[in-house]
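Here are the chains, one letter per residue:
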Amino acid sequence: MPKHLVIVESPAKARTIERYLGDDYRVLASYGHVRDLPENPGKGKFGVDVEHGFEPEYVVADDRRKQVDAIAKAARGADTVYLATDLDREGEAIAWHVTEAARVPETKTRRVTFSEITAPAIREAFAHPRGIDRNLVDAQQARRIVDRLVGYTLSPLLGRKVRSGLSAGRVQSVAVRLVVEREREIEAFVAREYWTLRALLETAAGEPFEADVVKLEGALLEIDNGTLAEHHAETLRSLRPRVASIATKRQKRSPAPPFTTSTLQQEASRKLGFSPKRTMSVAQRLYEGVETPDGHVGLITYMRTDSVAMAGVAMGEAREVIRERYGEPYTMPKGRVYKTKSKGAQEAHESIRPTSFRRDPDSLAGHLKPEELKLYRLIWQRALASQMEARELETTTVELDAGPYGLRASATRTLFDGFSRVYTEGRDARADDDEEAEGRLPALAEGDETSVRDVETTQHFTEPPPRYTEASLVKALEDNGIGRPSTYAATISTIIDRGYVRVEDRRLHPEPVARIVTDLLVEHFGDYVDVGFTAKMEEDLDEVARGQREWVPLLQAFYPPLRERVDEVRKTTRRRDFTTEPTDEVCSLGHPMVRRLGRNGYFLACSTYPEHKETRPLPGDEPPALEGAGETCPECGQGTLVAKRGRFGPFVGCDRYPDCGYIRREGPQPPDQLPFTVECPKNQDGRLVARRARRTGNVFWGCSNYPKCDYTTNFEPLGALHDADEGPVAKRGDGALCLRCGATIELPAEGDLVGRRLPGGPPDPAAIAPPARRGGARGRSGGRSGGGTSRRRTTRSGRAATRA
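Source: prediction; values computed, not measured. (Residues numbered from 1 in each chain as written. Predicted model: local features only at pLDDT ≥ 70, side-chain atom pairs only at ≥ 80, totals over all residues. Heavy atoms only, no water.)

Turning to helix 16 (residues 551-572), a few remarks are in order. The terminal C-alpha atoms of helix 16 lie 33 Å apart, and with 22 residues this matches the ideal 32 Å at 1.5 Å per residue to within 8%. For helix 16, the full list of buried residues reads Trp551, Leu554, Leu555, Phe558, Tyr559, Leu562, Val566 and Val569. In this fold, the buried residues of helix 16 make contact with strand 5 (55-61), helix 5 (134-161), helix 14 (512-525) and helix 15 (531-545). (Helix = DSSP H or I, 4+ residues; strand = E, 2+ residues; numbered from the N terminus. Expected span 1.5 Å × (residues − 1). Buried < 20%, exposed > 50% of the residue type's maximum accessible area, 1.4 Å probe, protein only. Contact = heavy atoms within 4.5 Å.)

In C-alpha cells:
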C-alpha cells in the first residue's frame, strides 16, 4: 500500500506527477475547488457573516463530495499527505480547502510547489516541503469575500434599477467602464484633415529615391487642405533639392522578455487569433503534461505569472541550444536578465518558458493538437529569442534643402539579424509598422544636387483611439494594476458572456445596457468602480499575502460604507431615472413617448406606462416587412398580426399580446429536436431536448424534466451509447465523449451511430464538469468548478454546520 498521498487539482496533472513518484505515493485529483461560498445563500445573505468578523460559510458541492470522500479515506491510511496544488494564491487556497473539507490533520500535511512538471522539479519540491502559507490563503479568501460582497450587494440593485439578471463585480465593472469610456472617446472624436507630401527625386546618375517634405521656412510643415497641398507640390516640382547633411547611426534592438500571463494572452491574440480564455485553456494542458518522445511530461512552466525572470539553469540550456542551432554569433556570453515593469507585479514565479529548450516544436508536431503546437511554438520561440544576441541596425538619414522647403530621406538596413532570426514581437493594429522597414538610398554626398521627378500629395485624417480588443483590454487591466494573472481571462469572458460587451471583428463594443450600468455606478459608486480604487485593493490584498496586513480589518473598512451607499441609492432613485429618456414622439392617445431600454435594446414607450402600454420601434429601427403582417391572428381569431423585433431577430406576432402569445418567426427558428431519444445522464426519467440560450441564442441540450433536473450540455448527442456504462455519446470537436463519465469515445469511420455501443477510454469527469457558477471561484480542471446544490456547510475553521 502507498505510504504517502499526493493531492493535485486535475487528473492530467495527477497522471504526469505519478510517473515521477515511486510506488510509495498515490496521487488523487480534487478537480479544482472542493468547496466555496454558497451559490444561493438566501435573500439578503452572502454566505459571509458580515456581523461577526466576516466569517465565511463554506459549502462542499454535491459534485465534489465524491472526491472529498476519496481523499478523506485515502488520507486516513497515509503517513503523509502532500498538497501539490498550483503555486499561486488560489492553489494555496485549494490546498487548505481540501484539508478542511476532508478533515486531514495538520500534522499529516506537507505543502510542495513547483513551477514546472518535470522529474527534477518534482524531486526538488518533495525534498523541501513546507506548511500551508496562511497569509496566501487569507489573501485569496479576502479577495473571494470582497468579490462576493460587491457582487451580491450591487447586482440586486442593478436588477431593481436597470434590468433583472444584471451583475456587477469589483473588477468586471471597471473593465466594462474602460470599454464604455473608450467608445465615448471614439464617438466624441472629431477628425482633422491633414496632407503629406512625398517627393520622388533623382540623382545626377539617374538613380531614383523618395524623400518626405517635412519643413517650410525651418518650421514643421502643416497642410490642412488639398489646394494648399497642390500649391506646395507644384512649387517643389520646379526646384532642385541639394543634400545638406548625411547621418548614419547604428542601433541595437534587444529581444522582448519571455512571456508573462498578460503578454502571452496579447501575443496569442495578435498572432494566433486566440481569445484569452482559449489561450489559458491550451496553456493549462501544456503545463499539466502531454505524451512526448520523452514520455509524459509538462512542456511549459506555470502559466499564471507576472514575472519575466528565467532560472539560471534554463538560461544555460537556452544558450547551448542557440549555439548548436544558430552558431556562436547568436549566443550571449551570459544569460540576459529582465526586470518586470508592470504595475503591482508580484514576481513570485518564473516567466512562461519551455521546461526544456531541446524539445523544439517540430519534434512535437506528431504529439500535440494543432492549437497546442501553435501556442507551444510561440512560447518556445519567444523564450529562446530572449536569450539571443541583439539585432543590429544601421539607419542613414539624408537632409535636403530646396528653397524654403526641407526634405528628409531615410533607410534602415540590418547588419545582423540576431534574435529576429527566431522571433519578432507582434504589433497592435495601427502601430507604426514602417519604423524599421528595410530600404536603401543611392550613393549621395553633401552638396549633391538632385532633380524632382514628381511630388505625391496624400490626404489623411486623424483617427480616434482604437476600440479595445480582448488582448489590448488585458494590457489595459495590467497597466492599471487591475486584477492579477489568474483573473484576466475570466474577467474578459464574464463581460462578454453577461451581455455587457459584444465582439465584432475582434473588437469590443459596449451594449446599451453597459452604458447605463456604467453611468449608474460612476454616478453613485464612482470611487468603487474607479481604476485607482480597484488597483489599491489589489495592493492591499498583496499586503495580506505578504503578512503585512490583517484581512478582517480590511473588509471592515471596505464594506459598511458600500452597504450604506447601496441603501441610499435604493431609496432615492427609480428605474426610469436610468432607463428612460424623453423624446419628441407622442403615442396614439397624445401622451409623450420616452426612449426606454428593454432586454433587446431601446424602443419607444408611452410615458404613462403601465396605464397605457403602447410601444413602437425607434425611428429607423422598424422591423422589415414580413409575410403575414396585417392578417388575422390564426390562434385567437381576434388580433392582427404585426411585425416585431425580438432577441432572435424579426418576427410576426399577434397585437393582442400578452393575451395572445402567437408568433411566427423569421430568421433563427427554435432548435430542431433530436430525431432519436437520449436518456438524461443525471435523471433517468428525463430525455435530452434541444434548447436555445436566452441571451446568446446558442443551442444547447437539457433535461426535459427541467426545473426538476437542471442537467445541460453543449455537446450534441449522437444517439450512440458508451459500452462501459450505457452513457449517451456526444460530439466533441472532431471526436466524441461519454456524457455520463467523460471518457473519450472512438467513433467508427462509417455507419449509422444511433443505438450502437461504442468503446472508450478511461473515465474523465473533468471533461463533463458543469460550467463555473456565477460568482464562483475558478476551478483547476480545465477552468471549471463544481455546480449543483450543496450538502454541507462549514465555517472558516472547517467545523460542520447544519443548514437552516
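What follows picks up the thread again.
We now examine the sheet that holds strand 32 (residues 744-745). Taken together, the five strands give an open sheet; going across it, the order is 32-31-30-29-33, and neighbouring strands pair in mixed fashion. Where the open sheet ends on each side, the last strands, each with one partner, are strand 32 and strand 33 (757-758). Note that strand 29 (residues 717-722) and strand 33 share two bridges and pair parallel. The residue of strand 33 that forms the bridge with histidine 722 is leucine 758. (Pairing = 2+ DSSP bridges.)

Helix 12 (residues 470-479) packs onto helix 8 (residues 261-272) with a crossing angle of 160 degrees between their chain directions and a minimal axis gap of 8 Å. It follows that helix 8 is roughly antiparallel to helix 12 by the angle criterion. Relative to helix 12, the crossing made by helix 8 is left-handed. Facing Ser262, Gln265, Gln266 and Ser269 of helix 8, the residues of helix 12 in contact are Ala471, Val474, Lys475 and Glu478. Per-class residue counts for the contact of helix 8 with helix 12 are two nonpolar, four polar and two charged. (Axes fitted to C-alpha atoms, helices over the stretch in contact; angles between N-to-C directions. Parallel < 35°, antiparallel > 145°, perpendicular 65-115°, else oblique. Left-handed = near helix turned anticlockwise from the far one by under 90°. Nonpolar A, V, L, I, M, F, W, Y, C, P; charged D, E, K, R; others polar.)

Glancing now at the pattern of salt bridges. In this structure the tally under the stated criterion is 58 salt bridges. Arginine 184 is paired through a salt bridge with aspartate 519; the nearest N and O atoms lie 2.8 Å apart. Here aspartate 519 lies in helix 14 and arginine 184 lies in helix 6 (residues 172-188), a separation of 335 residues in the sequence. Look at arginine 184 and you get partly exposed, because its relative accessible area is 31%. Relative accessible area serves as the criterion here: at 35%, aspartate 519 is assigned to the partly exposed category. The closest approach of N and O atoms between arginine 515 and glutamate 187, which form a salt bridge, is 2.5 Å. (Salt bridge = Lys/Arg side-chain N within 4 Å of Asp/Glu carboxyl O.)

With that out of the way, let us pick up unusual backbone geometry. Backbone torsion omega between tyrosine 609 and proline 610 reads 10 degrees, so that peptide bond is classified as cis. Here the bond from tyrosine 706 into proline 707 is cis, since omega is 10 degrees, no more than 30 degrees from zero. Position of proline 707 among the secondary structure elements: in the loop between strand 27 (699-703) and strand 28 (712-713). The phi angle at aspartate 505 is positive, at roughly 55 degrees, despite the residue not being glycine. By relative accessible area, aspartate 505 is classed as exposed at 77%. With phi around 70 degrees, arginine 506 is a residue other than glycine that occupies positive phi space. Mapping arginine 506 onto the fold places it in the loop between strand 17 (501-504) and strand 18 (507-510).

Another point: the sheet that holds strand 26 (residues 688-692). Spatially, three strands are ordered 26-27-28 in an open sheet, and the strand pairing comes out antiparallel. Either end of the sheet is taken by a strand with one partner, and the two such strands are strand 26 and strand 28.

Before going further, it helps to examine the confidence of the model for the protein. When the pLDDT values of the protein are averaged, the result is 86; 91% of them are 70 or greater. Within the model, the stretch residues 431-435 combines pLDDT values under 50 with four contacts to residues more than four positions away or in other chains. Of the regions scoring below 50 in pLDDT, residues 771-804 engages in 116 contacts with residues more than four places distant in sequence or in other chains. (pLDDT = per-residue confidence, 0-100.)

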